[in-house]
Amino acid sequence: MSEPLLIPCPHCNGLNRLPAARLNDAPKCGRCKQNVLLNKPFDLSESRYASQIKGDLPLLLDVWADWCGPCKSFAPIFEQAANQLSGRCRLAKLDSEANRNLAGQLGIRSIPSLILFNNGREISRQAGALPLQSLLEWLRSQGV
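No experiment lies behind these values; they were computed from the predicted model shown.

Basis of the calculations
Residues numbered from 1 in each chain as written. Predicted model: local features only at pLDDT ≥ 70, side-chain atom pairs only at ≥ 80, totals over all residues. Heavy atoms only, no water. Helix = DSSP H or I, 4+ residues; strand = E, 2+ residues; numbered from the N terminus. Rg over C-alpha atoms; globule rule 2.2 N^0.38 Å. Buried < 20%, exposed > 50% of the residue type's maximum accessible area, 1.4 Å probe, protein only. Core = buried A, V, L, I, M, F, W, Y, C linked by side-chain atoms within 4.5 Å. Phe/Tyr/Trp six-rings, centres within 6.5 Å; stacked < 30°, edge-to-face > 60°. Pairing = 2+ DSSP bridges. Axes fitted to C-alpha atoms, helices over the stretch in contact; angles between N-to-C directions. Contact = heavy atoms within 4.5 Å.

**Q** Sorry if this is basic, but what is going on with the overall build of the protein here?
**A** Along its length, the protein carries four helices and seven strands. Counted from the first residue to the last, the protein has its helices and strands arranged as β-β-β-α-β-α-β-α-β-β-α. Its C-alpha atoms give the protein a radius of gyration of 15 Å, near enough to 15 Å, the size a compact globule of 144 residues would have. Across the 144 residues that make up the protein, the buried fraction comes to 46%.

**Q** Hey, could you run me through the nonpolar core in this one?
**A** One recurring pattern in soluble globular proteins is that nonpolar side chains are buried together. With 20 residues, the main nonpolar core has Y49, L61, V63, L106, I108, I111 and F117 as its most contacted residues. Among the secondary structure elements, those contributing two or more residues to this core are β3 (42-44), β4 (59-64), β5 (90-95), α3 (100-105) and β6 (113-118). In this structure, L85, L91, L135 and V144 belong to the second largest nonpolar core, which totals 17 residues.

**Q** Even after reading the chapter, I still don't get the packing of aromatic side chains, so can you show me in this structure?
**A** A ring pair, where both rings are aromatic, is described by two values, the distance of the centres and the angle of the planes. Within the structure shown, the criterion is met by two aromatic pairs. When the ring of Y49 is compared with that of F117, the centres are 5.8 Å apart and the planes differ by 75 degrees; the resulting orientation is edge-to-face. With Y49 in helix α1 (residues 46-52) and F117 in strand β6, the pair connects residues that are 68 residues apart, well separated along the chain. Residue class for Y49 comes out buried when judged on its relative accessible area of 15%. You can call F117 buried: its relative accessible area is 2%. Look at F74 and F78: their rings are 5.8 Å apart centre to centre, the planes differ by 45 degrees, and that puts the pair in the tilted class. Here F78 and F74 lie together in helix α2 (residues 69-85), a separation of four residues that amounts to about one turn. Exposure remark for F78: the relative accessible area of 0% places this residue in the buried category.

**Q** How should the sheet that holds β3 be read in this particular structure?
**A** The strands making up a sheet associate through hydrogen bonds between their backbones, and the pairing can be parallel or antiparallel. Taken in spatial order, the five strands line up as β3-β5-β4-β6-β7 in an open sheet, and their pairing is mixed. At either margin of the open sheet sits one strand with a lone partner, and together these are β3 and β7 (121-127). Pairwise comparison of adjacent strand axes, ignoring direction, gives a mean angle of 30 degrees for this sheet. In this sheet, β5 lies alongside β4 in parallel orientation, the contact comprising six bridges. Following the sheet pairing, W64 is matched in β5 by D95. Most of the contacts of α2 go to β5, to which it runs at about 155 degrees, and overall it touches β4, β5 and β6. Along the sheet, helix α4 (residues 132-141) contacts β4, β6 and β7; its crossing angle with β6, the most-contacted strand, is approximately 30 degrees.

Here is the structure:
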C-alpha cells in the first residue's frame, strides 16, 4: 500500500492525510468537514500562503489583478484546468493588488504569473496567459 498524501484543506488550512487511491472519492477535511479537493480554483491570501504551499499534491498559483486584461481572459482557462486536474494538482488564485507584500516576496514582475509549488517549494514558474492545451502540456512537463 502506498504512503498517504498530506494535503492542506483550501477552507481551513488543516493538513489532511489522504490515501492516494482515494483522491477521486471527494475526501472531506478532518477538521472542517468540507471538500479537500476542489474542481475549481480557490482564493489564496498572504495569511494562508505558508499553509497552502505545503503538502504532497502540487499547487498551481495564478497571480493576477483585476485591472489586467490578460488575467481576465485567462481566468476561464484556469477554471477549466482546475476541473481537469482535480486530484492531481490544486489550483489557487492570488490577487496581487490585495496581497502586495506576498506578490513582492514571490518576485512577481508581470501578471498573470503561474507558480507551481510542491512540498513547500517552488518548482517552476511561467509568465503570461496560456491556452488550455499549452497550460496542461507545461504542467505535464513538470510531472503533474
